[in-house]
Amino acid sequence: MNCAISGEVPVEPVVSKKTGLLYEKRLIETHISDYGKCPVTGELHSIDDIVSIKTGKIVKPKPLHTASIPGLLGAFQTEWDSLMLTNFSLEQQLHTARQELSHALYQHDAACRVIARLKKERDEARQLLSEADRQLPAAPEVAPANATLSNGKRAADGGEQGPDAKKMPLGISAGVISELTDCNAALSQQRKKRQIPPTLASIDDLEKFTQLSSHPLHKTSKPGIFSMDILHSKDVIATGGIDTTAVLFDRPSGQILSTLTGHSKKVTSIKFVGDTNLVLTASSDKTVRIWGSSEDGSYACRHTLKDHSAEVRAVTVHATNKYFVSASLDSTWCFYDMSSGLCLTQVTDDSENVDYTAAAFHPDGLILGTGTAQSIVKIWDVKSQANVAKFGGHTGEITSVSFSENGYFLATSALDGVRLWDLRKLKNFRTFEFPNANSVEFDHSGSYLGIAASDIRVFQTASVKAEWNPVKTLPDLSGTGRATCVKFGPDAKYVAVGSMDRNLRIFGLPSDDSTEDSAQDS
């Protein structure tokens, strides 16, 4: 007997008193509670009209498709497919969960690294701030309200405050100008009697130059030597690196004398101050630092100068060793007093807006040469801070300027190569097409010219009409294809080269190398 509703054998059979039909108890009770009538005949019904029937245990018959072997195999196949689909779904969910977990762990690790870096930068900034507070020179007395002004906006005697409450430069006083003029007269007189020293390396010697040593002075994490200078009297080489440090290296012994730390960005220029114990550094962090050595030979920052508002690209020392100039991308150059670290004047060119990328004093000290990011070379009268000449013709940023020792020639390097200028006639008389020339340098005697580009070229200097013959081509062994700076050692006995790796390389005659290689190219 089957249920009148489902057509299946009921588990709990009941019968209606009115219709006599058999139902599944749970089905008929649900229908009566919802509609109050029989689902088959439509007669009114209540729960009291339903009577339970006592039966034995009912065993449901097997479905028809399980009654044969093919039917069983089909059922098994259906169950297996369902199991495989479930397993595949679980594997997909596991893979997704693993990816999400890996991403979360990576984000956590990156966050920890950022936090550690920020903490380190914070600690370094705090240290720099404390050093700056200790080294900041005492401010000069404020000038009286009726103090006269020179050069339009320079206070004659005091540090008069401008409208933005920022201390204005003092101006170059008559005493300083007199000192510069006397130095110029003395040096000009000496230059007329100057002779090439007999100990100068000959052309034959330069033709035999090869790499003598390579010294890894800067960090491997931020390789690159951006600037260099040599103190000839002590044969000490100073390098400025992209790793924010400057290194003083004793070439004869092959030892590092001191590492100057304090800048927060790359050191763009470095200069020794004559035979004194002072070193100047300029940096992309907008500052210039004056370093001095103590009795034990260690160097400390004496002044941190913050007169520029953009990257400082060059510093150059006056022949008196009492003053220096810094050139910046903020379109100004500053003239400083070395002992106090005070900016005496900050010069802008009102006729055009240019960013200064290179600077060098003329050997006699009254002329300043500057290079710009706008491919223009400008010549300045230091006494009046007036632009007295301007050279065009380069392509790209001026990367370096260098005056010859005789004072007649100026060499400039840029993206398109190197140009030589005759300062007597104010014109270009020779061009060397070396793409991406990064540095140009006359040796101390004015006999040789070095150019750093994809390799290093050495030329013999000559007159305006005579040919400047190539002497030697030195390869860039850094593997970077970019030599950034070149300097001649005392009497041109060696050539020091900096590149975009961390090594300082020395080229010279093997017989003249009195030091052992401190390191090989890494």
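See the structure above.
Quick look at the structure, then. Residue indices begin from 1 for each chain and proceed along its sequence in written order. Selection of residues for local features in this predicted model requires a pLDDT of at least 70, selection of side-chain atom pairs for listing and counting requires 80 or more, and totals for whole chains, interfaces and linings are taken over all residues. For the side-chain quantities, the full set of heavy atoms in the structure was used; hydrogens and water were omitted.

**Observations regarding the sheet that holds strand β2 (residues 22-24)**
Paired strands, as defined in this entry, are two strands with at least two bridges between them according to DSSP. The secondary structure listing takes helices from DSSP runs of H or I that are at least 4 residues long and strands from runs of E that are at least 2 residues long, numbered from the N terminus. What the 3 strands build is an open sheet, ordered β2-β1-β3; its pairing is antiparallel. Each edge of the sheet is formed by a strand with only one pairing partner; in this case those strands are β2 and β3 (50-52). Averaged over all pairs of adjacent strands, the angle between strand axes in this sheet comes to 40 degrees, irrespective of strand direction. In the packing of helix α1 (residues 25-35) onto the sheet, the strands contacted are β1 (13-16), β2 and β3, and the crossing angle to β2 comes to about 90 degrees. In this description, a line fitted to the C-alpha atoms serves as the axis of each element, helices being fitted only across the stretch in contact, and the angle between N-to-C directions of two axes falls anywhere from 0 to 180 degrees. The contact definition used throughout considers only heavy atoms, calling two residues in contact when any of these lie within 4.5 Å.

**A few points about the sheet that holds strand β33 (residues 503-508)**
Strand order across the open sheet formed by 4 strands is β6-β33-β32-β31, with antiparallel pairing between neighbours. Edge positions in the open sheet fall to β6 (210-216) and β31 (483-488), since each of these has one partner strand only. Direction aside, neighbouring strands of the sheet carry axes that sit 20 degrees apart on average. Pairing of β6 with β33, which is carried by 6 bridges, proceeds in the antiparallel orientation. What sits directly across from Thr210, in β33, is Gly508.

**Focus: the pairing of strand β29 (residues 456-460)**
Relative to β29, strand β28 (residues 448-452) is paired through 5 bridges, and the arrangement is antiparallel. If you follow Leu449 over to β29, its bridge partner there is Phe459. Two successive antiparallel strands, β28 and β29, enclose a turn made up of 3 residues. Both β29 and strand β30 (residues 470-474) contribute to a ladder of 4 bridges, which runs antiparallel. Along β30, the bridge assignment pairs Arg457 with Thr473.

**Re unusual backbone geometry**
Phi at Asp491 takes a positive value of approximately 55 degrees, unusual for a residue other than glycine. Relative to the assigned elements, Asp491 resides in the loop between β31 and β32 (494-499). At Ala492, a residue that is not glycine, the phi angle is positive and equals roughly 55 degrees. Its location among the elements puts Ala492 in the loop between β31 and β32.

Scope: geometric values only; no functional claims are made or implied.
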